[in-house]
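Remarks on the overall topology
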Amino acid sequence: TQLLEQSPQFLSIQEGENLTVYCNSSSVFSSLQWYRQEPGEGPVLLVTVVTGGEVKKLKRLTFQFGDARKDSSLHITAAQPGDTGLYLCAGVLAGTASKLTFGTGTRLQVTL
Amino acid sequence: DVKVTQSSRYLVKRTGEKVFLECVQDMDHENMFWYRQDPGLGLRLIYFSYDVKMKEKGDIPEGYSVSREKKERFSLILESASTNQTSMYLCASSLWANTEAFFGQGTRLTVV
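Residues numbered from 1 in each chain as written. Chains lettered and ligands numbered in written order. Predicted model: local features only at pLDDT ≥ 70, side-chain atom pairs only at ≥ 80, totals over all residues. Heavy atoms only, no water.

**Description of the overall build of chain B**
- Tallying secondary structure elements over chain B gives 0 helices and 11 strands in all.
- Helices (α) and strands (β) of chain B occur, in sequence order from the N terminus, as β-β-β-β-β-β-β-β-β-β-β.
- The buried share of chain B, taken over its 112 residues, is 48%.
- Considering only contacts in chain B between residues 6 or more positions apart, those separated by 24 or more positions represent 54%. (Helix = DSSP H or I, 4+ residues; strand = E, 2+ residues; numbered from the N terminus. Buried < 20%, exposed > 50% of the residue type's maximum accessible area, 1.4 Å probe, protein only. Contact = heavy atoms within 4.5 Å.)

**Examining the overall build of chain A**
- Within chain A, the regular secondary structure consists of 0 helices and 11 strands.
- Order of helices (α) and strands (β) in chain A, N terminus to C terminus: β-β-β-β-β-β-β-β-β-β-β.
- Relative to the 2.2 N^0.38 estimate, which gives 13 Å for 112 residues, the radius of gyration of chain A is 13 Å and therefore close to what a compact globule would have.
- Seen through its principal axes, chain A has C-alpha atoms that stretch 45 × 30 × 20 Å.
- The buried share among the 112 residues of chain A stands at 46%.
- Long-range contacts, defined here as pairs at least 24 residues apart, represent 55% of the contacts in chain A between residues at least 6 apart.
- Surface exposure of chain A reaches about 5100 Å², of which carbon and sulfur atoms provide 50%.
- Across chain A, the 9 positively charged side chains and the 9 negatively charged ones have centroids separated by 6 Å. (Rg over C-alpha atoms; globule rule 2.2 N^0.38 Å. Areas by Shrake-Rupley, 256 points an atom, 1.4 Å probe, with all protein chains shown as cover. Lys, Arg positive; Asp, Glu negative; His and termini not counted. Charge placed at Lys NZ, Arg CZ, Asp CG, Glu CD.)

**Concerning the side chain of Gln6(B)**
- With respect to the helices and strands, Gln6(B) occurs in strand 1 (residues 4–6).
- Discounting residues that sit within four places of it in the chain, Gln6(B) has contacts with Glu22(B), Trp34(B), Tyr89(B), Leu90(B), Cys91(B), Gly104(B), Gln105(B), Gly106(B) and Thr107(B).

**A few points about the sheet that holds strand 1 (residues 5–7) of chain A**
Residue and element names in this part refer to chain A.
- Read across the sheet, 5 strands follow the order 1-3-8-7-6 without closing on themselves; strand pairing throughout is antiparallel. Looking at which strands have only one partner, the edges of the open sheet turn out to be strand 1 and strand 6 (55–58). On average, each strand axis in the sheet is inclined to that of its neighbour by 15 degrees, with strand direction left out of account.
- Strand direction decides the pairing type here: strand 3 (residues 19–24) and strand 8 (residues 71–76), joined by 6 bridges, are antiparallel. (Pairing = 2+ DSSP bridges. Axes fitted to C-alpha atoms, helices over the stretch in contact; angles between N-to-C directions.)

**Considering the pattern of salt bridges**
All names here are of chain B.
- Under the definition given, this model contains 10 salt bridges over all chains.
- A salt bridge links Lys18 to Glu79; the shortest N-O distance between them is 3.6 Å. Here the residue Lys18 occupies a position in the loop between strand 2 (10–13) and strand 3 (19–25), and Glu79 occupies one in the loop between strand 8 (73–78) and strand 9 (87–94), the gap between them amounting to 61 residues.
- Each of Asp28, Glu30 and Lys71 takes part in a single network of salt bridges with overlapping partners. (Salt bridge = Lys/Arg side-chain N within 4 Å of Asp/Glu carboxyl O.)

Shown next, in the form of structure tokens:
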């Protein structure tokens, strides 16, 4: 069992649809990050959330950190083919120094 | 432009061989990480280092060791490669625990 569980594991949608990806844990994190990875590349940071209840927006992407800092969500509005990729959440457990732990990943496919 | 460089994109090794994966960063980052990536499991942390000569076990350290003799270089060692170590290996670095992690392009290792 991994510390950060993401759901769904796979998502295939059409252009223009909305979607939400979840990142859940039973542990408290000092911060959570979201990354996107494209084939043949390493993950690239999208956003970092640090305060419980925090909401951050990046164009059509909305990120939320749970009040208890145990979970996070990523909502994409009007998905586009360019959003296709592997989405990964990652966090540092509260009280630990440097250990960055990643989630299980959500593979998103957006078709025309 | 920030850079994390992994020594090989593809490697094929025989069972029982000792394997070295090298990673170099040019950003003067304190933290460096080694992950392996397998479908459906996201990125799993093998080892990390928060300072020269310092290393900490991640979630799946068995069968691996690491070396950090210089700040910019973090090496992953497979003491005796086994077929279940066939995977994509990703190196990353970050300035602090909660700051952006920058990744190399990965090494796809196949053990036959």
